[in-house]
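What follows is the residue order along each chain.
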Amino acid sequence: MVMIVVTEPRPRVVLITLDRPARRNALDLAGFRALAAAWREAGEGDARAVVVTGGADFSSGADLATFSDDIAAAVRAEPAADVWADVHFALLRDVVLDVPVVAAVEGVCYGAGMELVGATDIRVAAESARFALPEVRHGFIASGGSVARLPGQIGHPAAMQIMLTGEPYDARRMREWGFVGEVVPDGTALDRALEIAELVAARPAAAVRALKRAVGEGSRGTLAEAFEIESRVARELTTPR
């Protein structure tokens, strides 16, 4: 499984690290659930900023070798809604944390990895980072928030190009499209993300949390409706006829 490591490298800054380098941080169900638990802990604690990273690679997405079987086994033991709620929480799909989240992206950022980055507030990517939503290549669609969220973030044409081709795009192209805030030299994304998080953490906590909440609630209505549509279409696509 993916190890989710939670540390506090700087005062009031929590660092969540995906740690399964041999599989480029591919997330199995246990990894999703561990990540969801880390977000809950961060949201309930006294952190003023959170950084999420994956080391040399951010994440190659869900572990397709095991994920379907993991889900099938889990829903035999508990309600399917509870299982998917954990997966969606891990990707911050249906969640607006009061605490700001900064992504530090190196290497591969595919599938669920890119969907998670799309839920963060500030995004720093290394020059050689690559982003993709390859789900269409496998006969399904991204259902961790991107179908609902991405067109509003970077515009309809760019979002559809990413989702319909399934091809990877480099950090500079993603910066041009507005998905990434900063592009930095390889190996420095985490340092820069921690610098930004430290700046955020130094601001008055009440103002930061209020701002985050206001922005989230301001867009939540339409996103919630879009999430429902996204989930329905994804289910229809994978339900045997």
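Scroll up to find the structure this text is about.
(A) Expanded view of the overall build of the protein chain. Counting its regular elements, the protein chain contains nine helices and nine strands. Taken over the C-alpha trace, the protein chain has a radius of gyration of 17 Å; the compact-globule value for 241 residues is 18 Å, and the two agree within 12%. On the principal axes, the C-alpha backbone points of the protein chain span a range of 55 × 40 × 35 Å. Sequence separation of 24 or more characterises 73% of the internal contacts of the protein chain that already satisfy a separation of 6 or more. Surface exposure of the protein chain reaches about 11,100 Å², of which carbon and sulfur atoms provide 55%.

(B) Focus on the sheet that holds strand β7 (residues 130-132). Strand order across the open sheet formed by three strands is β5-β7-β8, with mixed pairing between neighbours. Because the sheet does not close on itself, it has two edges, and the strands there are β5 (108-110) and β8 (169-170). Two strands pair when backbone bridges link them, and β5 and β7 are joined in this way by three bridges, in the parallel orientation. Looking at the pairing, Tyr110 lines up with Ala132 of β7.

(C) A look at the pairing of strand β1 (residues 3-10). In this sheet, strand β2 (residues 13-19) lies alongside β1 in antiparallel orientation, the contact comprising six bridges. Opposite Arg10, over in β2, you have Val13 as the bridge partner. Between β1 and β2, which pair antiparallel and follow one another directly, the connecting turn spans two residues, one of which, Arg12, has a positive phi of 65°.

(D) Seen up close, the environment of Arg48. Position of Arg48 relative to the elements: it lies in the loop between α1 (29-44) and β3 (49-53). For Arg48, a relative accessible area of 26% corresponds to the partly exposed category. Distance in space between the C-alpha atoms of Arg48 and Ala104 is 17 Å, their sequence separation being 56 residues.

(E) Fine view of the side chain of Lys212. Considering the arrangement of structural elements, one finds Lys212 in helix α9 (residues 205-238). Reaching out from Lys212, the side chain makes a polar contact with the backbone oxygen of Val99 at a distance of 3.0 Å. With near-sequence residues (within four places) excluded, Lys212 lies in contact with Val96, Leu97, Asp98, Val99, Pro100, Val101 and Asp121.

(F) The arrangement of unusual backbone geometry in detail. For Asn25, which is not glycine, the phi dihedral falls at a positive 60°. Its location among the elements puts Asn25 in the loop between β2 and α1. Judged by relative accessible area, Asn25 falls into the buried class, the value being 2%. At Leu92, a residue that is not glycine, the phi angle is positive and equals roughly 55°. Relative to the assigned elements, Leu92 resides in the loop between α3 (80-90) and β4 (101-105).

(G) Broad picture of the sheet that holds β2. An order of β1-β2-β3-β4-β6-β9 is seen for the six strands of this open sheet, with the pairing classed as mixed. Two strands in the sheet have a free side with no partner beyond their single neighbour: β1 and β9 (182-184). Pairs of neighbouring strands in the sheet enclose a mean axial angle of 20°, with direction left out of account. As paired strands, strand β6 (residues 122-126) and β9 are joined by three bridges and run parallel to one another. Bridge pairing in β9 places Ala125 opposite Val183. Contacting β1, β2, β3 and β4, α1 runs over the sheet at an angle of about 25° to β1.

(H) Here's a closer look at the packing of aromatic side chains. Applying the stated rule across the entire model yields four aromatic pairs. Look at Phe67 and Trp84: their rings are 6.1 Å apart centre to centre, the planes differ by 75°, and that puts the pair in the edge-to-face class. With Phe67 in helix α2 (residues 67-77) and Trp84 in helix α3, this residue pair connects regions lying 17 residues apart in the sequence. Here Phe67 falls in the buried class, since its relative accessible area comes to 13%. These aromatic residues form a ring-pair network of at least three members: Phe32, Phe67 and Trp84. The aromatic ring of Phe89 is capped on one face by Arg40, whose charged end is 4.2 Å from the ring centroid.

Quick notes on the rules
Residues numbered from 1 in each chain as written. Predicted model: local features only at pLDDT ≥ 70, side-chain atom pairs only at ≥ 80, totals over all residues. Heavy atoms only, no water. Helix = DSSP H or I, 4+ residues; strand = E, 2+ residues; numbered from the N terminus. Rg over C-alpha atoms; globule rule 2.2 N^0.38 Å. Contact = heavy atoms within 4.5 Å. Areas by Shrake-Rupley, 256 points an atom, 1.4 Å probe, with all protein chains shown as cover. Pairing = 2+ DSSP bridges. Buried < 20%, exposed > 50% of the residue type's maximum accessible area, 1.4 Å probe, protein only. Polar contact = N/O pair within 3.5 Å; in protein donor to acceptor, adjacent residues only side chain to side chain. Axes fitted to C-alpha atoms, helices over the stretch in contact; angles between N-to-C directions. Phe/Tyr/Trp six-rings, centres within 6.5 Å; stacked < 30°, edge-to-face > 60°. Lys NZ or Arg CZ within 6 Å of the ring centre and 35° of its normal.

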